[in-house]
Amino acid sequence: MATIEMEAPQFQIDETDFCGSILSRFSNSTQEEHQHLCTVLGTMSQELKDQNLSTTPVAYFGVTCSSLDRLSSDPDSPTHSIDSLLTILSMVLPRISPVILKKKREFLSELLVRVLRSKSPPAASGLKCISHLLMIRESDNWSDVSQLYGVLLRFITDSHSKVRRQSHVCIHDTLQSFQGSSALAPASEGITNVFERYLLLAGGSNAAASESPKGAQEVIYILDALKDCLPLMSMKFTTTVLKYLKTLLELHQPLVTRRIMDSLNALCVHPTSEVSPEVLLELLCSLALSVSGNERTVDDITFTTRLLDVGMRKVYSLDRKTCIVKLPVIFNALRDVLASEHEEALHAATEALKSLIHACIDVSLIKQGVNQITMNADMGTRRSGPTIIEKLCATIESLLDYHYSTVWGMSFQVISTMFNKLGENSSYLLMGTLKGLADIQKLPDEDLIYRKQLHECAGSALVAMGPEIFLSILPLKLEVEDLAEANVWVLPILKQYTVGARLSFFRGSILNMVRLMKQKSRMLDLEGRIVSSRSCDALVYSLWSLLPSFCNYPLDTAESFKDLEKELCTALCEEPNVCGIICSSLQILIQQNKGILEGKIDLHGSDTSTSRQRAMARYTPQAAADNLNALKSSAREFLSVLSGNFLKSAQDGGCLQSTICELASIADKEIVTRFFRNTMQKLLKVTQEAGNAETSRNSNTMEIDNSSNGSSLALVRAQLFDLAVSLLPGLNAKEMDLLFVAIKPALRDDEGLIQKKAYKVLSIILRNCDTFLSAKFEELLKLMIEVLPSCHFSAKHHRLECLYSLIVHASKCESEKRCDIISSFLTEIILALKEANKKTRNRAYDMLVQIGHACRDEEKGGKKENLHQFFNMVAAGLAGETPHMISAAVKGLARLAYEFSELVSTAYSVLPSTFLLLKRKNREIAKANLGLLKVLVAKSQTEGLQMHLRSMVEGLLNWQDITKNQFKAKVCDFALCFS
């Protein structure tokens with residue numbers, strides 16, 4: 001009869017109802033052994049109840065042991081009963097106090113040994129009981145546990161798979177409990193002796209050729225057990241077993257080899273396993289030499305590849321010196337796997353190579369190779385063979401051979417990893433590899449489908465070596481006659497991957513190339529070769545485009561920036577096309593150093609690349625302060641040049657303005673004040689000229705020149721306003737007041753451009769200067785109301801920006817005052833929801849939401865009632881006289897309902913009014929109403945929607961005869977939502 005298999009029950013047993021828990025789990029089972037189990041357990045439970053005994057685990061334990069003792073003495077006892085009793089015992093033992101079990105240990109041990117020896121086939125549950133007794137042993141004395149452990153070993157090669165597997169699990173659990181005790185060594189020796197015995201039996205048998213050698217099957221079983229047990233055995237016997245495994249590997253039997261690899265993998269991934277690194281390394285090398293053999297399957301190659309990875313990392317952790325000697329063998333084996341055609345194996349080999357590069361190549365190994373290379377270079381000859389790291393690099397370089405062209409995409413990944421690992425030492429060890437990448441780059445597109453990956457690999461080389469060494473190995477060659485032969489493909493790589501470079505190199509090398517290309521362009525232009533001349537001009541721009549990258553955490557800002565100042569100022573004056581590049585570079589320098597000094601930059605952010613982290617690591621607060629001092633010393637010159645360029649610029653000049661703002665934030669206050677006063681004097685003069693021109697124009701409306709001159713003066717005034725506010729970070733309170741004085745009349749100016757600039761300047765001040773806003777708050781509120789009638793439509797967006805800052809500040813005021821301020825500007829904000837300008841509309845929506853949050857924010861004195869009050873204030877717009885106002889109010893209600901879920905129920909209360917408005921048959925109102933309905937449908941719970949379903953459908957049906965297709969479609973969409 002089959003044994004009852006009850007490995008690790010996947011159900012909870014109630015301690016207070018042991019019988020009920022098991023019966024509820026197995027009573028409905030159709031398996032015969034489960035039915036027997038329920039019968040025996042039910043009988044046992046009834047017997048306890050009849051004797052008025054408690055049905056605790058201890059009671060079941062006593063009854064079970066008594067029954068087993070009685071049945072085991074009877075040779076005619078039914079096997080299924082013993083199986084069921086052993087199963088019950090295996091379940092109840094973990095629920096018995098160890099104190100009780102230790103008292104009954106001798107009796108229970110003798111009982112279990114007797115039952116297991118007399119029963120055939122044996123029950124797997126009995127082995128569980130043996131294992132449990134071993135794990136709660138009183139002492140580690142081997143004589144106290146050897147008998148029970150021997151019972152487990154006896155079934156390690158049992159012919160019944162369930163029993164055998166249970167034996168393996170129990171031996172594993174027992175060895176786990178033996179860790180750190182004196183019993184571990186003899187327990188490990190027991191497994192080793194069994195293994196040796198069956199190996200000798202299999203090796204000495206004289207079976208016929210058609211039969212398996214006697215003992216061979218048992219060896220397979222023991223190999224299965226070693227997968228679980230080998231990592232837990234003592235080092236001495238683990239080493240002995242590994243030696244036998246090496247002998248078995250030489251048989252090249254797939255069944256044996258796979259089991260050996262399973263055992264080795266378990267041994268290597270186990271964090272605390274003890275093993276001789278030399279013996280393990282021998283096994284790994286044997287596997288490496290056969291990994292790519294023709295007789296191996298894809299699964300075998302893939303598994304072996306992964307085993308080589310974890311195995312070598314294990315050996316390295318145990319004995320670095322032993323490991324690195326054999327690294328070239330392993331790398332060559334993994335390289336050979338890359339030549340295979342199996343995708344899974346290819347990926348495994350790629351990951352293994354990358355993993356071993358990270359784990360096993362260390363500073364000492366790299367230094368040894370670099371020292372050897374430099375010594376040989378000094379002597380002019382080589383007197384010794386290649387070092388280990390040189391051999392590894394040669395293997396990596398060989399991945400660029402055309403033999404591996406189909407897997408170059410993966411080869412480039414491995415090479416990139418090696419570049420990253422070697423860092424600056426790549427110039428010694430991977431110089432040939434970089435040149436090989438350049439050779440592959442020359443291939444036509446049809447022969448190189450991995451060009452993007454190649455450029456990424458070259459980028460890794462650039463990061464590792466730095467641009468100076470990189471370009472010394474792979475020069476741009478811009479001096480060649482035919483630019484098609486130049487390495488211009490490197491320029492985008494330099495731009496993308498350069499970080500932590502030296503500004504002195506840019507000044508001394510890159511700018512020299514710029515001058516060379518300019519000279520070449522002029523010569524070609526004189527020769528009439530216009531196309532070639534334009535190509536040189538494009539290269540000039542590309543070379544200048546490298547400046548922001550060289551300004552990305554450069555190493556020598558404090559020492560070299562002053563030398564670069566003159567070159568940059570000259571370019572700003574003479575080359576307008578590179579002005580944006582220089583401005584962005586200056587901003588990067590200032591922002592990065594300010595960020596480091598103010599602690600606003602995370603040096604270890606998850607989105608920060610390794611190369612960037614390496615460069616940032618050199619930026620201490622002191623280094624950043626020194627850099628800012630260097631930039632500060634050049635601020636006056638740059639402010640002068642950039643201000644001049646800004647006033648000459650016919651375009652918006654946003655980049656110039658941002659750069660002036662950054663420079664003003666670090667420059668001496670005296671310098672900024674001087675530039676500001678100069679700007680304000682110019683503004684006063686131009687404003688007076690504009691006023692005179694306006695007076696003259698009014699006196700003689702036929703003069704066209706005066707009109708043209710007025711427009712020109714307006715542009716200059718606008719630029720001066722922008723320039724003045726760009727200096728804001730360096731201004732004090734007195735100078736801000738002066739700027740505010742200049743702004744106030746401009747807010748009423750008849751010229752739309754001037755109004756727009758005035759509002760823009762004011763919005764910037766309010767957004768960045770809380771002190772000014774607090775000091776002038778009441779005056780600003782009054783001013784905003786006074787200038788509203790004269791507000792030009794083009795200035796509305798920036799006016800809303802001003803109102804936004806005022807209302808945010810007002811949220812800190814008392815509730816009553818806050819409501820007064822909001823009501824003063826609410827109509828204007830609501831109407832702005834219908835503005836044609838998208839930015840104006842978006843800002844108006846943002847303001848509504850911001851006000852809503854301020855009303856509800858309890859930390860600032862708000863509460864939910866205030867939010868509902870604000871909603872009702874917006875809803876009051878439904879009483880407006882024009883469709884424009886009404887539709888704007890409906891849009892505002894929809895936005896608030898979408899943002900604040902608690903307003904959805906309130907929004908339903910205004911539906912009757914909105915449906916009444918639909919009777920006007922006004923398209924503007926209808927469109928807004930449909931938007932509100934869409935929000936309510938999206939944000940409402942099903943129950944709330946059902947309550948208002950009738951009124952909503954009736955309101956929509958009022959539009960069933962509408963003639964506009966766009967509204968018909970929307971109405972149909974809503975009808976489908978309700979169906």
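Residues numbered from 1 in each chain as written. Predicted model: local features only at pLDDT ≥ 70, side-chain atom pairs only at ≥ 80, totals over all residues. Heavy atoms only, no water.

## Regarding helix α23 (residues 451-465)
- The end-to-end C-alpha distance of α23 is 21 Å, a good match for the 21 Å that 15 residues give at a rise of 1.5 Å each.
- Among the 15 residues that make up α23, 11 are buried, leaving the element largely enclosed by the rest of the structure.
- Contacts from the buried residues of α23 go to α20 (408-422), α21 (426-429), α22 (431-441), α24 (467-473), α25 (490-497) and α31 (610-617).
- Trailing α23 by a residue or two, glycine 466 shows a phi angle of about 90°, which is positive. (Helix = DSSP H or I, 4+ residues; strand = E, 2+ residues; numbered from the N terminus. Expected span 1.5 Å × (residues − 1). Buried < 20%, exposed > 50% of the residue type's maximum accessible area, 1.4 Å probe, protein only. Contact = heavy atoms within 4.5 Å.)

## Observations regarding the packing of α20 against α23
- Between α20 and α23, the least distance of the axes is 8 Å, while the angle of their chain directions is 5°. Overall, the two elements α20 and α23 adopt an arrangement that is roughly parallel. Counted together, Phe412, Ile415, Ser416, Phe419 and Asn420 of α20 and Gln453, Leu454, Glu456, Cys457, Ser460, Ala461, Ala464 and Met465 of α23 form the full contact between these two elements.
- Classifying every residue of the contact of α20 with α23 gives 8 nonpolar, 4 polar and 1 charged. (Axes fitted to C-alpha atoms, helices over the stretch in contact; angles between N-to-C directions. Parallel < 35°, antiparallel > 145°, perpendicular 65-115°, else oblique. Nonpolar A, V, L, I, M, F, W, Y, C, P; charged D, E, K, R; others polar.)

## Observations regarding the packing of aromatic side chains
- In the structure shown here, the tally under the stated rule is 11 aromatic pairs.
- Where tyrosine 402 meets tryptophan 408, the ring centres are 5.8 Å apart and the plane angle is 85°; that geometry is what we call edge-to-face.
- Measuring from centroid to centroid gives 5.4 Å for phenylalanine 506 and phenylalanine 550, while their planes differ by 50°, and the two rings are tilted. With phenylalanine 506 in helix α26 (residues 503-526) and phenylalanine 550 in helix α28 (residues 547-550), this pair connects stretches of sequence that are 44 residues apart. Here phenylalanine 506 and phenylalanine 550 have matching classes, each one buried.
- Taken together, Phe505, Phe506, Trp544 and Phe550 form an aromatic cluster joined through their ring pairs. (Phe/Tyr/Trp six-rings, centres within 6.5 Å; stacked < 30°, edge-to-face > 60°.)

## Re the pattern of salt bridges
- One pass over the full model with this rule turns up 36 salt bridges.
- Notably, a salt bridge pairs aspartate 224 with arginine 259, separated by 2.8 Å at the nearest N-O pair. Of this pair, aspartate 224 sits in helix α11 (residues 216-229) while arginine 259 sits in helix α13 (residues 254-269), and the two are 35 residues apart along the sequence.
- Given the relative accessible area of 26%, aspartate 224 is considered partly exposed.
- We note a salt bridge from glutamate 527 to arginine 529, for which the minimum N-O separation is 3.4 Å.
- The class of arginine 529 is partly exposed, set by a relative accessible area of 36%.
- Taken together, the shared-partner salt bridges connect Asp69, Glu110 and Arg114 into one network. (Salt bridge = Lys/Arg side-chain N within 4 Å of Asp/Glu carboxyl O.)

## Notes on the nonpolar core
- Judged by nonpolar contacts, the single largest core of 314 residues is most densely connected at Trp544 and Met784.
- What methionine 784 contacts, discounting residues up to four positions off in sequence, is Leu747, Tyr759, Leu762, Arg799, Cys802, Leu803, Leu806 and Phe825.
- With 7 residues, the next largest nonpolar core counts Val499, Ile596, Ala615 and Ala624 among its residues. (Core = buried A, V, L, I, M, F, W, Y, C linked by side-chain atoms within 4.5 Å.)

## Some thoughts on the side chain of lysine 314
- You can see lysine 314 is positioned in helix α15 (residues 298-318).
- No salt bridge is formed by the buried lysine 314; its nearest oppositely charged neighbour, glutamate 274, is found at 9.3 Å.
- Excluding anything up to four places from it in sequence, lysine 314 contacts Leu267, Cys268, His270, Pro271, Ser273 and Leu280. (Lys, Arg positive; Asp, Glu negative; His and termini not counted.)

## What to know about the packing of helix α7 (residues 124-135) against helix α9 (residues 161-178)
- The interhelical angle for the contact between α7 and α9, taken along N-to-C directions, is 5°, at an axis separation of 9 Å. If you check the angle between α7 and α9, you find them roughly parallel. Touching Ala124, Leu127, Lys128, Ser131, Leu134 and Met135 of α7 are Lys162, Val163, Gln166, Ser167, Cys170, Asp173, Thr174 and Ser177, all from α9.
- Here the contact of α7 with α9 is composed, by residue class, of 6 nonpolar, 5 polar and 3 charged.

## Some details on the confidence of the model for the chain
- Put simply, the chain has an average pLDDT of 86, and 89% of its residues get 70 or more.
- Under a pLDDT of 50 for its full length, residues 1-10 has, in the predicted model, 32 contacts with residues more than four places off or in other chains. (pLDDT = per-residue confidence, 0-100.)

## Considering α26
- Taking 1.5 Å per residue as the helical rise, α26 with its 24 residues ought to reach 34 Å, and the 33 Å between its terminal C-alpha atoms agrees with that figure.
- Bending of α26 peaks at approximately 25° at the position of isoleucine 510.
- Taken together, the buried positions of α26 are Leu503, Phe505, Phe506, Ser509, Ile510, Leu511, Met513, Val514, Met517, Lys520, Ser521 and Leu524.
- Contacts from the buried residues of α26 go to α24, α27 (530-544), α28 and α29 (557-574). (Bend = angle between axes of the 7 residues up to and from the residue.)

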